[in-house]
Amino acid sequence: MHGSSTEITGASAHLRSLLRTRRRKVVLAVAVVLLLLAGAGVRLMVVAESAAGHLRRAATLVGSLETALRAGDLAAAQRTTTDLRRQTAQARSDTSGLTWGMGRSAPMAGDDLTAVAAVARIVDDLATRVLPPMLDVAGGLQSTLAGRDGLAAVTGAAPRLAAADSLVRAAQARLAALDRGGLDGRVRAAVQRLDDALRRVAPLLAPAARAAKLLPAMLGATAPRTYLVLFQNLAEVRATGGMPGAFVVLRVDKGAITIARQGAAATDIREFAAPVLPLDADQEDLHTDRLGRFPADVNLTPDFPTAAALYREMYRLRSGQTVDGVLATDPVALAYLLQATGPVDVAGGPPLTAPTAVRRLLSEVYLTIADQKSQDAFFADAAKAVFDKLTGALTDTSKLVPALRKAADERRLLAWSAHPEEQAEIAGTVFAGTLPADDGARPTVGVFLNDGTGAKLGYYLTREAELSAGECLEDGSRHLRLTVKLGSTAPSSGLPRSVLGLGLAGDYTVRTNVMVYMPTGGAPVDATQDGAPVDYGSGFELGRTVAVFTVDLKPGQSSTLALNLITGPLPSPSAAFTPRLVTTPGIAPWTLRLQSAPRCGK
């Protein structure tokens, strides 16, 4: 027994010694792990601070970039983008390493680190894959406008812009998938700011890609082009703006633009005995065959492709020349361009300036120049003077792009191409001059005006409109209510016959035919004029029912039309929406009021 006891005692001592050794190793191992974790934590803090610093500097650079772009200073924008790419690349590197990856597994801060990594990656993609092709397109177009061939840069950027469009949409989906509920407030705010920025950028990329694909060919990159440019006289109202009066023919070769010919509808095109092209039966029923016979009436329809094709054929029949496309603009757009170019000298009068152009071209010319031939000559000289300034010694184009954008947004720059593949790209843009083929979830109402006086009294016409939504119907459609108020500021005496024109409603009375185009699948219900029930004409054009009213206004009078209508069945009948209202561009902007439609049942 004694021997056994000694053995047991020895074994116990050995076991205690072994346990002490193992405990020391465990403690040492734990200590090492804790030190490693502490080191990793310190390293993560350093990396996090580095990433935050780079992102803060990137945010500052983005502000500088926006300032440079608004000023049209592309050289500064390029320099800023280069600095921005350095900052975003480092932020992406900081948030992509092993240390950051370990931190993303942490229970407390993991979501924040995941979100910051997503922000850094997306911002870097914007800096490296979205901004460069956008700047290349802007630079190429700016060079072309300044008389240098920049079309190769535009062509090269087109596929990269298409890829950038896909990238931004993928980035939006990635941000949408983030669970923001548990994020630190500062991180959540950063994610929201980026989300807002992407929402601003995303709508620009598809049009920019379309423009980069479309413009080089249209500007003669591969072969010379010719275009007919119509100047719409807003003093005699037509659905797309005004009566086509003066015109120029432009020749474009590798971005270089020259005037090949100038003319006027009344003297060079004149009327035809029969429509120059077969007319759509609905359009002929609504507008009569004047649409295809009189150059001044091709745009009784608000559909610019129809008007452009008709005028192109009229010009071909009179001149023997077939042009590649038709453009249209008006004196208000010219005034916007004069803000970019500065004053231009016009023979027979004072310089044309941004503040005076509309008054000079649409009012004073009729008061100071008696005969139509001299008036047309003045319009031609004014158009040439502005064109020469645009394509001549214009060195600062920083104000030109905003002026063009403003004119396009107001439907004062319209374009149609005789090349089907190009027209397919134009369709759906602000330059198309069309209503949507299908309104989808946003009901669209068109209010288009045509002069019924045969005079130039449209200069004195004021315009207001309001569109609001009413009750929901069982078939998924909605009630809408439209009000249109027109007024006349015309004097009661003192105007020459060149302004009073034919006086079809009586001298000094402005007669306006108001065409209201219903939403797709929609229909009118009833109408009043100045509070009393009123009858109206009806027709159909391009998939829409049209209600037609005639409003006569003596000097100082106004009149209000109110129309109740219903939409077609909506794709999401109970969803909220804001209706869309499209109008004839005027000398002064319409006063428009749109009321959003709440969800049904609310």
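Residues numbered from 1 in each chain as written. Predicted model: local features only at pLDDT ≥ 70, side-chain atom pairs only at ≥ 80, totals over all residues. Heavy atoms only, no water.

A closer look at the overall build of the protein chain
Right, so step 1: Of regular secondary structure, the protein chain possesses 16 helices and 16 strands.
Right, so step 2: Scored against the burial criterion, the 602 residues of the protein chain give a buried share of 46%.
Right, so step 3: For the protein chain, contacts bridging at least 24 residues in sequence account for 70% of all contacts bridging at least 6.
Right, so step 4: Summing over all exposed atoms, the protein chain offers an accessible surface of approximately 28100 Å²; the carbon and sulfur share of this is 57%. (Helix = DSSP H or I, 4+ residues; strand = E, 2+ residues; numbered from the N terminus. Buried < 20%, exposed > 50% of the residue type's maximum accessible area, 1.4 Å probe, protein only. Contact = heavy atoms within 4.5 Å. Areas by Shrake-Rupley, 256 points an atom, 1.4 Å probe, with all protein chains shown as cover.)

Quick look at a negative patch on the surface
Right, so step 1: A cluster of acidic residues, Asp280, Asp282, Glu284 and Asp285, forms a negative patch on the protein surface.
Right, so step 2: Secondary-structure assignment places Asp282 in helix 8 (residues 281-287). (Patch = residues over 30% accessible without salt bridge, like charges linked within 9 Å, V, L, I, M, F, W, Y side chains within 5 Å. Salt bridge = Lys/Arg side-chain N within 4 Å of Asp/Glu carboxyl O. Lys, Arg positive; Asp, Glu negative; His and termini not counted. Charge placed at Lys NZ, Arg CZ, Asp CG, Glu CD.)

Quick word on the sheet that holds strand 1 (residues 225-238)
Sheets are built from strands that pair by backbone hydrogen bonding, the pairs being arranged parallel or antiparallel.
Right, so step 1: The strand order across the open sheet formed by 5 strands is 3-2-1-4-5, and the pairing between neighbours is mixed. Lying at the two open borders of the sheet, with one neighbouring strand each, are strand 3 (256-264) and strand 5 (414-417). Within the sheet, the average angular offset between the axes of one strand and its neighbour, ignoring direction, is 25°.
Right, so step 2: As defined by bridge partners, strand 2 (residues 241-253) adjoins strand 3 across 8 bridges and the pair is classed as antiparallel. The residue of strand 3 that forms the bridge with Arg251 is Thr258. (Pairing = 2+ DSSP bridges. Axes fitted to C-alpha atoms, helices over the stretch in contact; angles between N-to-C directions.)

Topic: the pattern of salt bridges
Right, so step 1: This structure, assessed with the given rule, holds 30 salt bridges.
Right, so step 2: For Arg129, the salt bridge is made with Asp125, and the minimal N-O distance between the two is 4.0 Å. Note that Arg129 and Asp125 are positioned in helix 4 (residues 110-145) at a spacing of 4 residues, about one turn of the helix.
Right, so step 3: A salt bridge links Arg199 to Asp195, with the shortest nitrogen-to-oxygen separation between them at 3.8 Å. In this pair, Arg199 and Asp195 are both assigned in helix 6 (residues 185-218), 4 residues apart and thus about one turn of the helix distant.
Right, so step 4: Judged by relative accessible area, which is 46%, Arg199 ranks as partly exposed.

Focus: the nonpolar core
Right, so step 1: Core analysis: the biggest nonpolar cluster contains 74 residues, and Val445, Val447, Leu482 and Val514 have the highest contact counts within it.
Right, so step 2: Ignoring any residue separated from it by four or fewer positions in sequence, one finds Leu482 in contact with Val445, Val447, Glu466, Leu467, Val516, Leu561, Ala562, Leu563, Leu565 and Leu581.
Right, so step 3: Within the second largest apolar cluster, 32 residues are counted, among which are Ala120, Val123, Leu175 and Val191. (Core = buried A, V, L, I, M, F, W, Y, C linked by side-chain atoms within 4.5 Å.)

A closer look at helix 14 (residues 400-409)
Right, so step 1: For helix 14, the full list of buried residues reads Leu400, Ala403, Ala407 and Ala408. Down the axis of helix 14, the smallest arc covering the buried residues is 130°, so these residues share one side. (Arc of directions from axis to C-beta.)

Side note on helix 13 (residues 372-391)
Right, so step 1: Between its first and last C-alpha atoms helix 13 spans 28 Å; for 20 residues at 1.5 Å apiece the expected length is 28 Å, and the two agree.
Right, so step 2: Taken together, the buried positions of helix 13 are occupied by Gln375, Asp376, Phe378, Phe379, Ala380, Ala382, Ala383, Ala385, Val386, Phe387 and Leu390. (Expected span 1.5 Å × (residues − 1).)

Brief notes about the sheet that holds strand 12 (residues 537-541)
Right, so step 1: Within the open sheet, the 5 strands sit side by side as 12-13-9-6-15. Their pairing is mixed. Strands at the two margins of the open sheet, each flanked by one partner only, are strand 12 and strand 15 (580-583). Strand-to-strand twist of the sheet, defined as the mean angle between neighbouring strand axes without regard to direction, takes the value 25°.

Note that every value here comes from positions in space, so none of it alone points to a role or purpose.
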